[in-house]
Amino acid sequence: MCFSVLCWSGSKWLTYMLTSVYERNPILSYGFWASPVEAFLDSLQSKQAQKVAWVLQLIEDLDVIPVQYFKKLVNTDGIWEVRIQVGSNIFRILGFLDGDQLIVLNHAFQKKTQKTPKKVIKLAETRKRNYLDRRRSNE
């Protein structure tokens, strides 16, 4: 099966098709040419990238996703975080749900403090609004 990865970089969209064993929770990424999520993944060491890929596959495959890997951020406009830990390194990929079965990822970073920075959350919320506005204008 395939799922789409939708990437954003300010004003344009690019959709990739990726292969998946199961298609329970398709995942999209936000960007065009220089997707912020794709750029983040490219910056990781091999072992870190493998763990991120494993967690994303887990999220796609499971009907009930453990909060250890996927959690809704409180006091946000529907922003969720993919949670990855590799040794002492903690990574987060932020995004949102588009309907019941589609996850759109729009920002990624290495977490260095206990709380997710408000600036990062605001960026994810802005990208979510932009995505939804563009989707509505294309319907």
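Since this is a predicted model, take the numbers as computed values, not measurements.

Draft legend 1. Spatial organisation of the side chain of lysine 128. Structurally, the position occupied by lysine 128 is in helix α3 (residues 118-137). When residues no more than four places from it in sequence are discounted, the contact partners of lysine 128 are Asp77, Gly78, Ile79, Phe96 and Asn106.

Draft legend 2. Up close: the packing of aromatic side chains. Under the definition given, this model contains 4 aromatic pairs. Plain terms: the ring middles of tryptophan 54 and tyrosine 69 are 5.6 Å apart, the flat faces sit at 75 degrees to each other, and that makes the pair edge-to-face. One end of the pair, tryptophan 54, is in helix α2 (residues 46-61); the other, tyrosine 69, is in the loop between α2 and β4 (70-72), and 15 residues separate them in sequence. Given the relative accessible area of 44%, tryptophan 54 is considered partly exposed. Taking relative accessible area as the criterion, tyrosine 69 reaches 14% and is therefore assigned buried.

Draft legend 3. Inspection of the pattern of salt bridges at higher detail. This structure, assessed with the given rule, holds 6 salt bridges. Arginine 83 is the partner of glutamate 81 in a salt bridge, and the nearest nitrogen-oxygen pair spans 2.6 Å. Across the pair lysine 122 and glutamate 125 runs a salt bridge, and its minimum N-O distance is 3.6 Å. Highlighted residues: lysine 122 and glutamate 125, both in helix α3, separated by 3 residues, approximately one helical turn. For lysine 122, a relative accessible area of 54% translates into the label exposed. The class of glutamate 125 is buried, set by a relative accessible area of 6%.

Rules of the game
- Residues numbered from 1 in each chain as written.
- Predicted model: local features only at pLDDT ≥ 70, side-chain atom pairs only at ≥ 80, totals over all residues.
- Heavy atoms only, no water.
- Helix = DSSP H or I, 4+ residues; strand = E, 2+ residues; numbered from the N terminus.
- Contact = heavy atoms within 4.5 Å.
- Phe/Tyr/Trp six-rings, centres within 6.5 Å; stacked < 30°, edge-to-face > 60°.
- Buried < 20%, exposed > 50% of the residue type's maximum accessible area, 1.4 Å probe, protein only.
- Salt bridge = Lys/Arg side-chain N within 4 Å of Asp/Glu carboxyl O.

Geometric values such as these leave the question of function open.
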